[in-house]
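# Inside the fold
The primary structure of each chain is shown beneath.
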Amino acid sequence: MNSPVSGNGWEVHIADCLLWLERFPGVVDAVITDPPYSSGGAMRGDRTNQNVNTKYRTSGAPALPDFTGDNRDQRSFAHWCALWLASARIRTRTGGHLLMFTDWRQLPSATDAVQAGGWVWRGLGVWQKPKGASRPTKGGLWNDTEFLVWATNGPHKPAPEAPCLDGVFVSASPRNKVHLTEKPLEILDALVQIVPEGATVFDPFAGSGTTGIAAYRRHRSFIGVELDTAMAATAAHRLRNAERGAPVNTETAAMTLWQA
Ligand SMILES: C[S@@+](CC[C@H](N)C(=O)[O-])C[C@H]1O[C@@H](n2cnc3c(N)ncnc32)[C@H](O)[C@@H]1O
């Protein structure tokens, strides 16, 4: 396993998160993550055989690096999620939080897997994309939403000063994305506040490090794991930019931190 790239209160590891979790000796306060959805396409064949650019790229948008792990069918997606969710829960303090992105198609599997992993399902958040920044389905619903599954590791005993986060987050997909399925920083900025300053946020599917940037800026510690070397490097690069107070979304994915 590679050494992580780290900074002031954050670290990014290149690894399969399931294997990494087996060796991780620590405890985190929240798991805030966006696993590969294994969604997209109308048919099972589309979802399991097509690459992520074909499935998720908006027409006219530039191609971004492909990523792996997005070709499970619904049953194997649920089984696999239950595995990493169980491992992540064991490494989360009692009462700690899980916030997991998913879409409408995978929502039933995601909530089953969360509970199979031993988490207590507590509710849903909604990411609503504004009109003009989402794809309408003619003759049907607009399909302008994705979801957040909220759960805790056992009892939920919030501190008296704990905030109440919104349940609906209105935000367009980021401009100048460096990751094909990058999540809006403003949503992560809200989500990391589910734990107090100084707490540790863990993202086992760190992608371009959006969760980490939000955590860093809100004075939470961050541990990210990402399977793809180039993408892990992008995450570390964006975090370093955040540390310098530089823009985090003007960079391309080119980064060589781990390349000898
Ligand atoms: C949906 S993306 C996360 C995007 C992220 N939220 C962002 O804003 O950039 C999921 C990421 O999980 C990574 N991944 C897939 N399988 C993995 C695994 N087993 N362990 C760790 N990372 C994995 C993919 O390479 C991909 O970058």
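The following refers to the structure shown. Because the structure is predicted, anything quoted here is derived from the model rather than measured.

Another aspect to go through is the side chain of Asn 153. Along the chain, Asn 153 falls in the loop between strand E6 (145-152) and strand E7 (168-170). Note on Asn 153: relative accessible area 9%, which makes it buried. Engagement of the side chain of Asn 153 in a polar contact is seen with the backbone oxygen of Thr 92, the distance being 2.9 Å.

This part covers the packing of aromatic side chains. If you walk through the whole model with that rule in mind, you get six aromatic pairs. With centroids separated by 4.6 Å and ring planes inclined at 20°, the aromatic side chains of Trp 20 and Phe 24 adopt a geometry described as stacked. Its relative accessible area of 12% is what places Phe 24 among the buried residues. Centroid distance Trp 20 to Phe 202: 5.4 Å. Interplanar angle 20°. Geometry classified as stacked. With Trp 20 in helix H1 (residues 17-23) and Phe 202 in strand E8 (residues 200-203), this pair connects stretches of sequence that are 182 residues apart. Like Phe 202, Trp 20 is buried.

Glancing now at the site of the ligand. The ligand sits among 21 residues. The nearest are Asp 34, His 179, Ser 208, Thr 210 and Glu 226. Between the ligand and Cys 17 there is a distance of 2.9 Å, counted from a nitrogen atom to a backbone nitrogen or oxygen. Thr 210 has a polar side-chain atom sitting 2.7 Å from an oxygen atom of the ligand. Burial of the ligand by the protein chains amounts to 98% of its free accessible area of 610 Å². Considered class by class, the residues forming the shell around the ligand number nine nonpolar, six polar and six charged.

Procedures and definitions
Residues numbered from 1 in each chain as written. Predicted model: local features only at pLDDT ≥ 70, side-chain atom pairs only at ≥ 80, totals over all residues. Heavy atoms only, no water. Helix = DSSP H or I, 4+ residues; strand = E, 2+ residues; numbered from the N terminus. Buried < 20%, exposed > 50% of the residue type's maximum accessible area, 1.4 Å probe, protein only. Polar contact = N/O pair within 3.5 Å; in protein donor to acceptor, adjacent residues only side chain to side chain. Phe/Tyr/Trp six-rings, centres within 6.5 Å; stacked < 30°, edge-to-face > 60°. Near = heavy atom within 4 Å. Areas by Shrake-Rupley, 256 points an atom, 1.4 Å probe, with all protein chains shown as cover. Nonpolar A, V, L, I, M, F, W, Y, C, P; charged D, E, K, R; others polar.

Interpretation note: all reported values are geometric properties and have no functional meaning in isolation.
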